[in-house]
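# Examination of the molecular architecture
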Amino acid sequence: MLLALLCLAAACGGESTVHQAVDVVSSSDGPGDRRGAAEDGVIDFAVEPDMGATEDVVVPELPLQDLPVDADVLDLFPLSDVATEDAAEVDVVDVAAPDTPPPPPCGPAPYDGPLGDLWDLELLLDPSTLDVEVVATWSEGFPPVQIREIRYTSFEVVECVVVPIRLEAYVAMPQSSVGSDGSLPGLVKAHGLGGNADGNAAKTPARELGVAVLAYSGPGQGQSEGTGSTPDHLFDTIPDPRASWFWEHAVAGIRGLSVLTTLPEVDPDRLGMTGYSGGSVATLMVNGVDPRLKAVVPVSACGHLDLAAAATPVPGWEADLLASMTEPKTPASQEFQAYVQYLDPKNYLASAFGETLLIDGAQDEFFPINSLTLTFDDLGGAAAGHRMLAIKDWDHGP
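Definitions and cut-offs
- Residues numbered from 1 in each chain as written.
- Predicted model: local features only at pLDDT ≥ 70, side-chain atom pairs only at ≥ 80, totals over all residues.
- Heavy atoms only, no water.
- Helix = DSSP H or I, 4+ residues; strand = E, 2+ residues; numbered from the N terminus.
- Buried < 20%, exposed > 50% of the residue type's maximum accessible area, 1.4 Å probe, protein only.
- Core = buried A, V, L, I, M, F, W, Y, C linked by side-chain atoms within 4.5 Å.
- Pairing = 2+ DSSP bridges.
- Axes fitted to C-alpha atoms, helices over the stretch in contact; angles between N-to-C directions.
- Salt bridge = Lys/Arg side-chain N within 4 Å of Asp/Glu carboxyl O.
- Contact = heavy atoms within 4.5 Å.
- Polar contact = N/O pair within 3.5 Å; in protein donor to acceptor, adjacent residues only side chain to side chain.

### Some thoughts on unusual backbone geometry
One can expect most non-glycine residues to show negative phi and most peptide bonds to be in trans. For the peptide bond that leads from Phe-142 to Pro-143, omega is -5°, which places it in the cis range. Topologically, Pro-143 is positioned in the loop between β3 (133-140) and β4 (145-158). Between Ile-238 and Pro-239 the backbone carries a cis peptide bond, its omega angle lying at 5°. Mapped onto the fold, Pro-239 is located in the loop between α4 (231-234) and α5 (245-261). Of note in the backbone geometry, Ser-300 takes a positive phi value of approximately 60° without being a glycine. Here Ser-300 is to be found in the loop between β9 (293-299) and α7 (305-309). Accessibility expressed as a relative area gives 0% for Ser-300, which makes it buried. Within the chain, Asp-393 stands out as a residue other than glycine whose phi angle is a positive 60°. Looking at where Asp-393 falls in the secondary structure, it is placed in the segment after β11 (387-391).

Encoded structure:
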């Protein structure tokens, strides 16, 4: 996984591609559907009412300068001063204002608006709202790596309202690069379901790649505020898909990229993201939303999760988690169908910004190889600068 990010660490600039450093390996004897064979090192796998005539209505001139500041608008037209042919038939009707529906994407019914409206990039990319706080700073290892424990502001959605939350994160970089002039590539690292970040999660890739790494704990995980990755929260998509932990985990990654852009040592034009399992789901989502990304390495995850959920004779992990909700659901539920429509990584592949290296085991029991190859195809394959590494006799473990 780490070698895949060498392009970010090297001085390869905007012309660099992930596949310069990594070849693709396929397994021909793993389970699942195959969409193709390895070839040349690449797997190709309301109408207004009629108010009547207004003839002969005379409105007297009024001395507006004498009108009290807090006067009602009807004071401008007192009925006693209005001359009509039959003033006795003038009725005053009190019309109640119609109920105003909540603005999108929230509403009483499942959201059915555009995918892009779920991502307010003006808000999410704004570094002025990060409020970064350094909790502690230390160095360790050889060669030495500086590690900073920090907090920064991200967002979750509660009852259709975007709420700020504080996240735990760790920023690591080679000690020799501290205070440098913005030459370091930056990398965000996202953990899987039920996990959290610590100093080692940032230290190891920072030392081995010579880059600045931010590893964060997703909402409700570790010391981060918010609601954790419970089954109820993972598929909390009705009426607002943004209430799902998957959306919030991706947003936390976007905000982490913004933190990196504020560091004087980091080159904002050389940003990448990686993750494992649920963190790779977030990585693929962010890559389809955030134009700042240049390279991503999702490990042990892909899109098309509906295929795993519908697998026979044993449905995938999605079915188990849905059944574990406080009110048990199935893959046919509105909650999961809304997830598939708006949050499954497959929705973000055609708009991918960074070159992608997909890494997964040919025997991954959670993200099967037919979903993996479909994900690679939807990205555009090698022709679009992407690569896939399918490892023989490797399951979901890193």
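Continuing now.
### Describing the nonpolar core
In terms of nonpolar packing, the biggest core is built from 67 residues, with Trp-119, Tyr-152, Leu-214, Tyr-216, Met-273 and Tyr-339 touching the most fellow members. Sorting elements by how many residues they give to this core places α5 first, with ten residues. Ala-172, Leu-187, Ala-197 and Ala-201 belong to the second-largest nonpolar core, a separate cluster that totals 13 residues.

### Structural notes on the sheet that holds strand β5 (residues 161-174)
Spatial ordering of the open sheet is given by β3-β4-β5-β7-β6-β8-β9-β10-β11, a layout of nine strands whose pairing is mixed. On the outer flanks of this sheet lie β3 and β11, each paired with one strand and no other. Across the sheet, the mean angle from the axis of one strand to that of its neighbour is 20°, orientation sign disregarded. Summarising the sheet, strand β10 (residues 355-361) and β11 pair through five bridges and their orientation is parallel. Bridged to Leu-357 within β11 is Arg-387.

### So, the pattern of salt bridges
Scanning the model with the defined rule gives nine salt bridges in all. When the shortest N-O distance is used, the salt bridge between Arg-166 and Asp-131 registers 3.8 Å. Placement of the pair is Arg-166 in strand β5 and Asp-131 in the loop between α2 (121-124) and β3, with a sequence separation of 35 residues. When the shortest N-O distance is used, the salt bridge between Glu-335 and Lys-329 registers 3.7 Å. The buried category is assigned to Glu-335, whose relative accessible area is 15%. For Lys-329, a relative accessible area of 22% puts it in the partly exposed group. Salt bridges here are not isolated pairs; linked through shared partners, they connect Asp-131, Glu-133 and Arg-166.

### A look at the side chain of Ser-229
Inspection of the secondary structure puts Ser-229 in the loop between β7 (212-216) and α4. What makes Ser-229 buried here is its relative accessible area of 15%. Beyond its immediate sequence surroundings of up to four residues, Ser-229 is in contact with Leu-193, Gly-194, Gln-221, Leu-234 and Trp-245.

### Some remarks on the side chain of Ser-154
Mapping Ser-154 onto the fold places it in strand β4. Residues within four places of Ser-154 in sequence aside, it is in contact with Val-163, Pro-164, Ile-165, Leu-167, Val-251, Ala-252 and Arg-255.

### Quick word on helix α6 (residues 278-287)
With ten of its ten residues buried, α6 lies for the most part within the structure. Looking at α6, one finds that the buried residues are Gly-278, Gly-279, Ser-280, Val-281, Ala-282, Thr-283, Leu-284, Met-285, Val-286 and Asn-287. On the buried face of α6, the contacting elements are β6 (184-190), α5, β8 (266-276), β9, α9 (334-342) and β10.

### A few points about helix α3 (residues 199-209)
Listed in full, the buried residues belonging to α3 are Gly-199, Ala-201, Ala-202, Lys-203, Pro-205, Ala-206 and Leu-209. For α3, the capping residue at the N-terminal end is Asp-198, with a side-chain oxygen 3.2 Å from the backbone nitrogen of Asn-200. Taken from the residues just after α3, Gly-210 is the one with a positive phi, measuring 70°.

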